[in-house]
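Below are the chains, spelled out letter by letter.
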Amino acid sequence: MPLPSLIPRSRTQAPLLWEIPGIWRAHELAAVKARSTGHMALDALLPGGGWPIGALTELIPLIEGIGEVALLQMSLKRLCDEKRHIVFVHPPYIPYAPALLSAGLLLPRVLWIDAAHDEDAHWAAEQTLREGAAGAVLLWSHAVADRPLRRLQLAAEAGESLAFIYRPVVTLNSASPAALRIVLRPAPAALGVEVLKVRGGRGGAVVLPVQAHV
Amino acid sequence: MLWLCIASPVQEKHALKALAGWAGQFSSCVCLDAERWLLWLEIGSSLRYFGGLKVLLEKVTGGLNALALTTTTGVAPTREAAALLARRPQAPPVVQLDHLQQAIAALPLNELALPPAAIAGLQASGITRIGELLALPRDALARRWGLQMTDYLQRLLGERADPRKPYRAPHTYHRRFDFVEPVQTVEGLLFPLRRILYELQGYLRGRDAALQALDVALRHHDHADTVLTLRTTDPQRDALRLFALLREKLERTQLPGGVMQIKLGVERFVALRDTQLHLWDETERHDASWSDLLDKLRARLGDQAVRRLGLRDDHRPEKAWCVESGAAAAALPPAFPDRPLWLLPPRPIERLPKLLGTPERIEAGWWNDEDSSRDYYIAQTAEGSRWWLYREAATARWFLQGIWA
């Protein structure tokens, strides 16, 4: 039985390029560890095909209440199914238990960390990421400076969690060390997802049919 | 029988007992002499478990160093001989009874635990070494110096049994440390605390137990005690880990004044969980680091800040959830309607956004005077946010209670 070739078979467009071993296309350069977002259109925009593991993902919703957390629901549920923990750090309101449950997040797997200050919230997120014990960390941050983000990015690299940070709109124009930067905007019965910056990719925008529950 | 003798450098009864508790990790038979400040550990039966005398001695010395105690140890087949050797830093351990006489023959006579008058009398008759004393006929010695002397020599050489009641560590752990001068900073508390935690670790190993709660009281001169309780998610007995958690907690504690005394207590002990020993399994590894993480978070942010969520059987949305202390699984009733992710304390709204779909009527609380009948709507604001609103039937007022994030 012939072994399958390790080099991708020639395609109609550029046969020569594909035949030469050792030539990689730009987006194949670094193998990005990622987990599917559960949305095919979004996965296609992201190197590795999903939310990066061990790197910071920055989410900037233009306004609250547009499905900014619902966007993560499928990947969070899958982590819960794998018995990993989901950590909400310093959310703006009470994470409502019945909503979490109907989104498929088992309550014993969800941790809600309330912090008195932004500084404590960042510290808690950093510790959680560094420990690598949680499947995903969601931090609601008010920080405008990029220094606390750099610390988080380093902590994310040390662990194997999905790391999401929600930031206010005012930070849109400042630089960010996050590997992935996404703006979320309202759309009729949907969520507009615009990839502002992605390490090892080109970015782009999609509109996802994110439903109103979680 | 093989005895290891430790001469306690701290001549204080509490300290000696604490040290005996600590020593329980190396031996199931620990004896103490509070007059001569000596501690003995029967190590003959522990040698195999620890992998030989050399390893055991290294562990004991390492442990004493961690307690910041500089002391020497002596090893011999009898308790009195071990005590004798403990005063000689360079003396090699004597393991066999046959070698004992020879090993102690050259030591000065005044190192024996005999009354000073007897030592002086013997020295006056020209006896300066232990070997010279042992060469004398015993009945002559008994006649001149009494049976006490021959009894002691027999116990020294192992010719006569030397019974002594083993020390039994108390069932709860209480330890205090007094400062000579009041300590003003948390930094100043750390050193004695770490020492105590090392002692506690030895005590826990000796009892083959662990703890989940640790009480610390700091006594002040003219203020009420500062009381802290450290709780851990999983049973713990690692001194350094407990120290790190306690330090985190202390550094966030405001001291009302100088500290005169530290009191540390453990009321309940639990078995050490196996997960800490079987770290190769990925899930268990995650679980173990997960509980370490929870401890760290709670130590700094407080127990209340680290929460699990639970359901409550109540129709009123604001009472249908709770902060859960345990981790019981909960399930929703079938066909439970959608709920928003964020719950808000109800706040009145002035401008009503666009309502979507049909209302959900929720009636509850009529049985305890909190009569409420509400119609819940999903609404969409002009900016595109989805809100969860209700209209109170009695007053026809509108409230915002949730946000669909």
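Residues numbered from 1 in each chain as written. Chains lettered and ligands numbered in written order. Predicted model: local features only at pLDDT ≥ 70, side-chain atom pairs only at ≥ 80, totals over all residues.

1. Regarding the overall build of chain A
Looking only at helices and strands, chain A features 6 helices and 11 strands. Within the span of chain A, comprising 214 residues, buried residues form 48% of the whole. (Helix = DSSP H or I, 4+ residues; strand = E, 2+ residues; numbered from the N terminus. Buried ≥ 20, exposed ≤ 12 C-beta atoms within 10 Å, placed from the backbone.)

2. Comments concerning the pairing of strand β10 (residues 190-198) of chain A
Residue and element names in this part refer to chain A. As paired strands, strand β9 (residues 180-187) and β10 are joined by 8 bridges and run antiparallel to one another. The residue bridging Arg181 from the neighbouring strand is Lys197, located in β10. Counting the residues that bridge the hairpin from β9 to β10 gives 2 residues, and of these Ala189 lies at a positive phi of roughly 50°. Alignment of β10 against strand β11 (residues 204-208), held across 5 bridges, turns out to be antiparallel. Note on β11: the bridge partner recorded for Glu194 is Ala205. (Pairing = 2+ DSSP bridges.)

3. Considerations on the sheet that holds strand β3 (residues 38-42) of chain B
Residues and elements named next belong to chain B. The strand order across the open sheet formed by 4 strands is β2-β3-β1-β4, and the pairing between neighbours is antiparallel. The open sheet has two free edges, formed respectively by β2 (30-33) and β4 (73-76), since each of these has just one partner strand. Between one strand and the next, the sheet's axes are offset by a mean angle of 20°, whatever the strand orientation. Where β2 and β3 come together, 4 bridges link them in antiparallel fashion. (Axes fitted to C-alpha atoms, helices over the stretch in contact; angles between N-to-C directions.)

4. A few points about the interface of chain A and chain B
Frequently, the measure chosen for interface size is the accessible area that the parts lose on association. At the interface, 41 residues of chain A touch 40 residues of chain B. Residue assignment for the side of chain A that touches chain B shows that the elements contributing at least two residues are β5 (94-95), α4 (97-102), β6 (110-113) and α5 (118-131) of chain A. At 6 residues, α4(A) tops the list of elements feeding residues into the side of chain A that touches chain B. Split by residue class, the side of chain A that touches chain B holds 27 nonpolar, 8 polar and 6 charged. Here β6(A) pairs with strand β9 (residues 306-311) of chain B via 2 bridges, running antiparallel. The residue bridging A:Ile113 from the neighbouring strand is B:Val306, located in β9(B). (Contact = placed C-beta atoms within 7 Å. Nonpolar A, V, L, I, M, F, W, Y, C, P; charged D, E, K, R; others polar.)

5. What to know about the environment of A:Ala190
Examined against the element boundaries, A:Ala190 turns out to sit in strand β10. C-alpha of A:Ala190 to C-alpha of A:Pro209: the two residues are 19 residues apart in sequence and 4.4 Å apart in space.

6. Some points on the sheet that holds β10(A)
Taken in spatial order, the 10 strands make up an open sheet running β11(A)-β10(A)-β9(A)-β3(A)-β8(A)-β7(A)-β4(A)-β6(A)-β9(B)-β10(B), and their pairing is mixed. For this open sheet the edge positions go to β11 of chain A together with β10 (321-324) of chain B, each flanked by a neighbour on one side alone. Each strand axis lies, on average, 25° off the axis of its neighbour in the sheet, ignoring direction. Its contacts with the sheet place α5(A) against β4 (85-89), β6, β7 (134-140) and β8 (162-166) of chain A, and it is angled at close to 165° to β7(A). The strands that helix α6 (residues 147-158) of chain A touches are β3 (56-61) and β8 of chain A; relative to β3(A), the one it contacts most, it runs at about 135°.

7. A few points about the nonpolar core
In this structure, A:Val89, A:Leu100, A:Ile113, A:Val137, A:Ala163 and A:Phe164 are the most contacted members of the largest nonpolar core, which totals 90 residues. Counting contributing residues per domain, this core is built from domain 2 (173-301) and domain 3 (340-403) of chain B, each supplying no fewer than three. With residues near it in sequence (within four places) discarded, A:Ile113 still touches A:Val87, A:Phe88, A:Val89, A:His90, A:Ala124, B:Leu297, B:Leu301, B:Ala305 and B:Val306. Judged by nonpolar contacts, the second largest core, of 62 residues, contains B:Leu2, B:Trp3, B:Leu67 and B:Leu214. (Core = buried A, V, L, I, M, F, W, Y, C linked by C-beta atoms within 7 Å. Domains from an automatic or database assignment.)

8. Topic: the packing of helix α8 (residues 138-145) of chain B against helix α9 (residues 147-157) of chain B
All names here are of chain B. At a minimum axis separation of 6 Å, α8 and α9 run at an interaxial angle of 135°. Taken together, the axis directions place α8 and α9 in an arrangement best described as oblique. When α8 is examined against α9, the residues Arg138, Leu141, Ala142 and Trp145 are found in contact with a partner set consisting of Leu147, Met149 and Thr150. Class assignment of the residues belonging to the contact of α8 with α9 gives a composition of 5 nonpolar, 1 polar and 1 charged. (Parallel < 35°, antiparallel > 145°, perpendicular 65-115°, else oblique.)

9. Focus on the confidence of the model for chain A
Averaged over all residues, the pLDDT of chain A equals 85, while 84% of them reach at least 70. Note on residues 1-13 of chain A: pLDDT under 50 across the span, and 8 contacts to partners over four residues away in sequence or across chains. (pLDDT = per-residue confidence, 0-100.)

10. Some details on helix α4 (residues 79-86) of chain B
All names here are of chain B. Here α4 lies mainly inside the structure; 8 of its 8 residues are buried. Buried residues of α4: Arg79, Glu80, Ala81, Ala82, Ala83, Leu84, Leu85 and Ala86, and no others. Residues of α4 that are buried in the fold lie against β1 (3-7), β3, β4, α5 (100-104) and α9.

11. Points about the packing of α5(A) against α6(A)
Residues and elements named next belong to chain A. Between α5 and α6, the least distance of the axes is 7 Å, while the angle of their chain directions is 20°. In terms of orientation, α5 and α6 fall into the roughly parallel class. In terms of crossing hand, the pair formed by α5 and α6 is left-handed. Taking contact as the criterion, the partners of His122, Ala125, Glu126, Leu129 and Arg130 in α5 are, on α6, Pro148, Arg151, Leu152, Ala155, Ala156 and Ala158. (Left-handed = near helix turned anticlockwise from the far one by under 90°.)

12. Details of unusual backbone geometry
Residues and elements named next belong to chain B. At Trp37, a residue that is not glycine, the phi angle is positive and equals roughly 55°. The residue Ala68 is not glycine, and still its phi comes out positive at about 60°. Mapped onto the secondary structure, Ala68 falls in the loop between α3 (53-66) and β4. Given 12 C-beta atoms within 10 Å, Ala68 falls into the exposed group.

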